[in-house]
Amino acid sequence: VFDEDTGDPSFLAAEDALRFQVRELPPAMHADDAAAVRRHVLSSVTECLQQRWSLSEGPVVDCSVFCSGQQQYVALFVHHISADFVALHTLATEWMTLYHACARGSGDASAALSIDANAPTYEDFIAWQAEQQVALRDRALAFYEQELPSVPTDRAQLPPALQTSAEADDVD
């Protein structure tokens, strides 16, 4: 994250960056009145959205679970600076997978994600990208090493039309 006053990069501890809260709906609200529950949840979501986001203080990810009897509504708020669309999609998909596994009472909810321990990591991507850059540099270097020897280095070797324009450039 970046300091809001100076613009300098800063560190935000996970406990400050993430907030998870369970919000019980008012007991007077009847769970069987779905429209009233939905209105209350939307009103609560609107309140959350109107809160000021602070990149230097957090949270930058806020998850709220609204409970009314057996009904639960989940709202996930993520500051747009915190994640791109692909990361948001992955986060929402995995989070809902975990949520449903927990709601079913699965013992190991993380097993529901079927994470491949051998899947590439971000560190693997960085290493691959560095290899690609080295390969690109090597190809460019080989091209110029092959092509440069055939480029004339003496004006006498230039075609006549170019010799004239090169001489004109020297007059300045």
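Residues numbered from 1 in each chain as written. Predicted model: local features only at pLDDT ≥ 70, side-chain atom pairs only at ≥ 80, totals over all residues. Heavy atoms only, no water.

Participant: Can you walk me through the sheet that holds strand β3 (residues 71-78) in this structure?
Facilitator: Note on sheets: strands pair through backbone hydrogen bonds, and any given pair is parallel or antiparallel. The three strands lie next to each other as β1-β2-β3, forming an open sheet whose pairing is mixed. At either margin of the open sheet sits one strand with a lone partner, and together these are β1 (18-24) and β3. Across the sheet, the axes of successive neighbouring strands diverge by a mean angle of 15 degrees, strand direction being ignored. With seven bridges joining them, β1 and strand β2 (residues 61-68) adopt parallel strand pairing. Following the sheet pairing, Arg23 is matched in β2 by Phe66. Each of β1, β2 and β3 touches helix α3 (residues 85-103); the most contacted strand, β3, lies at about 155 degrees to it. (Pairing = 2+ DSSP bridges. Helix = DSSP H or I, 4+ residues; strand = E, 2+ residues; numbered from the N terminus. Axes fitted to C-alpha atoms, helices over the stretch in contact; angles between N-to-C directions. Contact = heavy atoms within 4.5 Å.)

Participant: What is the right way to look at the nonpolar core in this model?
Facilitator: Generally speaking, nonpolar side chains in soluble globular proteins are found buried as a group. Among the nonpolar cores identified, the biggest contains nine residues, and these are Leu25, Val37, Val41, Val45, Cys48, Phe66, Tyr73, Ala75 and Phe77. At the level of secondary structure, the elements contributing two or more residues to this core comprise α2 (34-50) and β3. At four residues, the largest contribution of residues to this core is made by α2. Apart from residues no more than four positions distant in its own chain, Tyr73 is found in contact with Val37, Val41, Ser64, Val65 and Phe66. Residues Val65, Cys67, Trp95 and Tyr99 belong to the second largest nonpolar core, which totals five residues. (Core = buried A, V, L, I, M, F, W, Y, C linked by side-chain atoms within 4.5 Å. Buried < 20%, exposed > 50% of the residue type's maximum accessible area, 1.4 Å probe, protein only.)

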